[in-house]
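An overview of the molecular structure
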Amino acid sequence: MIIPVVVIGFMIGMTTGCDYDHPVPEQISLDSVSFSANLIPYFNASCNMAGCHDAGGIPPDLTPENAYQDLFAKNQVNLAIPENSKLYRKVATGGSMEPYSKPAETAMVLAWIKQGAKNN
């Protein structure tokens, strides 16, 4: 009788265990991407953390107070050819950012650059 109890316990564990809360990015209109409302939250969730792109970390500094200025100071944005922007290419190709690079975020970054990369 132990086997059925183990099997039932295993089945219950498989259906209830390891349930992680995966944040779903808010759907945004790519017609008007806002640096402060869209990119800063993405940077805060994916890039701006200890040992990565925080103040004093790996350039560029993507903290809310420094991100905009540092992206331009470090030549991360190419307004003439947005697809050649270092920021866009890094997000699009992943690499060390692969866990944080999703099609929605990639499209958002490119749309922001194409819209003139405004500090809005």
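Here the structure is a predicted model, which means the values were calculated and not measured.

Topic: the packing of aromatic side chains
Using the criterion set out here, one finds 6 aromatic pairs in the structure. Relative to F43, the ring of F35 has its centre 6.2 Å away and its plane inclined at 70°; by these criteria the two rings are edge-to-face. An identical accessibility class is assigned to F35 and F43; each is buried. Where F35 meets Y68, the ring centres are 5.3 Å apart and the plane angle is 80°; that geometry is what we call edge-to-face. With F35 in helix α2 (residues 35-46) and Y68 in helix α3 (residues 67-73), this residue pair connects regions lying 33 residues apart in the sequence. Judged by relative accessible area, which is 3%, F35 ranks as buried. The rings of F35, Y42, F43, Y68, F72 and W112 are connected pair by pair, giving a single aromatic cluster.

Things to note about the pattern of salt bridges
The tally for this structure, following the rule as stated, stands at 2 salt bridges. A salt bridge links D70 to K74; its shortest N-O distance comes to 2.9 Å. The class of D70 is buried, set by a relative accessible area of 13%. A salt bridge links E83 to K114; the shortest N-O distance between them is 3.4 Å. Of this pair, E83 sits in the loop between α3 and α4 (86-93) while K114 sits in helix α5 (residues 103-114), placing them 31 residues apart in sequence.

Here's the deal with α4
For α4, the set of buried residues is L87, Y88 and V91. Along the axis of α4, the buried positions cluster into a sector of 95°, meaning they face one direction only. Positive backbone phi, approximately 80°, marks G94, located one or two places after α4.

Focus on the packing of α4 against α5
For the pair α4 and α5, interaxial distance at closest approach is 9 Å and the crossing angle is 170°. Classed by the angle they form, the pair α4 and α5 counts as roughly antiparallel. Residues L87, Y88, V91 and A92 of α4 form the contact with α5, whose own contacting residues are E105, T106, V109, L110, W112 and I113. Each residue belonging to the contact of α4 with α5 can be placed in one class, and the counts come to 8 nonpolar, 1 polar and 1 charged.

So, how was this worked out
- Residues numbered from 1 in each chain as written.
- Predicted model: local features only at pLDDT ≥ 70, side-chain atom pairs only at ≥ 80, totals over all residues.
- Heavy atoms only, no water.
- Phe/Tyr/Trp six-rings, centres within 6.5 Å; stacked < 30°, edge-to-face > 60°.
- Buried < 20%, exposed > 50% of the residue type's maximum accessible area, 1.4 Å probe, protein only.
- Helix = DSSP H or I, 4+ residues; strand = E, 2+ residues; numbered from the N terminus.
- Salt bridge = Lys/Arg side-chain N within 4 Å of Asp/Glu carboxyl O.
- Arc of directions from axis to C-beta.
- Axes fitted to C-alpha atoms, helices over the stretch in contact; angles between N-to-C directions.
- Parallel < 35°, antiparallel > 145°, perpendicular 65-115°, else oblique.
- Contact = heavy atoms within 4.5 Å.
- Nonpolar A, V, L, I, M, F, W, Y, C, P; charged D, E, K, R; others polar.

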